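# Architecture and fold: a report
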Amino acid sequence: MAAIVRLSSVCRRGVNPLFYQSTLLARPLVVPHKCQEQPHLLTARIHASQALYASSGSKAASLHWTAERVLSILLLSMGPIAYFNPSPVVDYSLAAALTLHGHWGIGQVLTDYVHGDTKVKMANAGLFLLSTITFAGLCYFNYNDVGICKAIALLWSK
């Protein structure tokens, strides 16, 4: 909980600060406890889970973050490419990119919400199984049917 206080009410000397004339400040609210003389801060403690790649000196987390952003930009650019130039290369590239994008996204949800060693291992095994089946299904669809690009074009045409 935080009390919002105007700086002019905190500084009662009659001098208006140059840069903070109408700025609002957020300060923690201090409330004295009835039985003790020490005041207690009414602030929330933030629980931060351990990072997935938390080893010191490792750039793996930064590289993973960068790879996620690059993949997202590639997916945005693959849409017009798939529309204007449908080909098997684009179909299989979309299959790989969509599967990897979904795998990383669901992996982040599992990292945030699944706790406990056994549960994390089971969830990761399920995620790998789901990603494998998804990629195999998209590749099967590309090989034995019209492909992802033409299938989306057919959906839009009707």
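Predicted model, so just to flag it, every value in this text is computed and none were measured.

The axes of two packed helices give the description: the angle between them and the distance between them. Between helix H3 (residues 88-113) and helix H4 (residues 117-144), the shortest axis-to-axis distance is 9 Å and the interhelical angle comes to 165°. Regarding the angle of H3 to H4, the classification is roughly antiparallel. Here the hand of the crossing between H3 and H4 comes out right-handed. Every residue of H4 that contacts H3 at Asp-91, Tyr-92, Ala-95, Ala-96, Thr-99, His-103, Ile-106, Gly-107 and Leu-110 is listed here: Ala-123, Asn-124, Leu-127, Phe-128, Leu-130, Ser-131, Thr-134, Phe-135, Leu-138, Cys-139, Asn-142 and Tyr-143. Each residue belonging to the contact of H3 with H4 can be placed in one class, and the counts come to 13 nonpolar, 7 polar and 1 charged.

With that settled, consider the UniProt feature "binding site: a ubiquinone" (unreviewed entry) in the protein chain. Within the UniProt annotation, "binding site: a ubiquinone" (unreviewed entry) is assigned to Tyr-113. When you line up the elements, Tyr-113 lands in helix H3. For Tyr-113, a relative accessible area of 66% puts it in the exposed group.

The rules behind each value
- Residues numbered from 1 in each chain as written.
- Predicted model: local features only at pLDDT ≥ 70, side-chain atom pairs only at ≥ 80, totals over all residues.
- Heavy atoms only, no water.
- Axes fitted to C-alpha atoms, helices over the stretch in contact; angles between N-to-C directions.
- Helix = DSSP H or I, 4+ residues; strand = E, 2+ residues; numbered from the N terminus.
- Parallel < 35°, antiparallel > 145°, perpendicular 65-115°, else oblique.
- Left-handed = near helix turned anticlockwise from the far one by under 90°.
- Contact = heavy atoms within 4.5 Å.
- Nonpolar A, V, L, I, M, F, W, Y, C, P; charged D, E, K, R; others polar.
- UniProt positions renumbered as here; feature names shortened; annotations may be inferred.
- Buried < 20%, exposed > 50% of the residue type's maximum accessible area, 1.4 Å probe, protein only.

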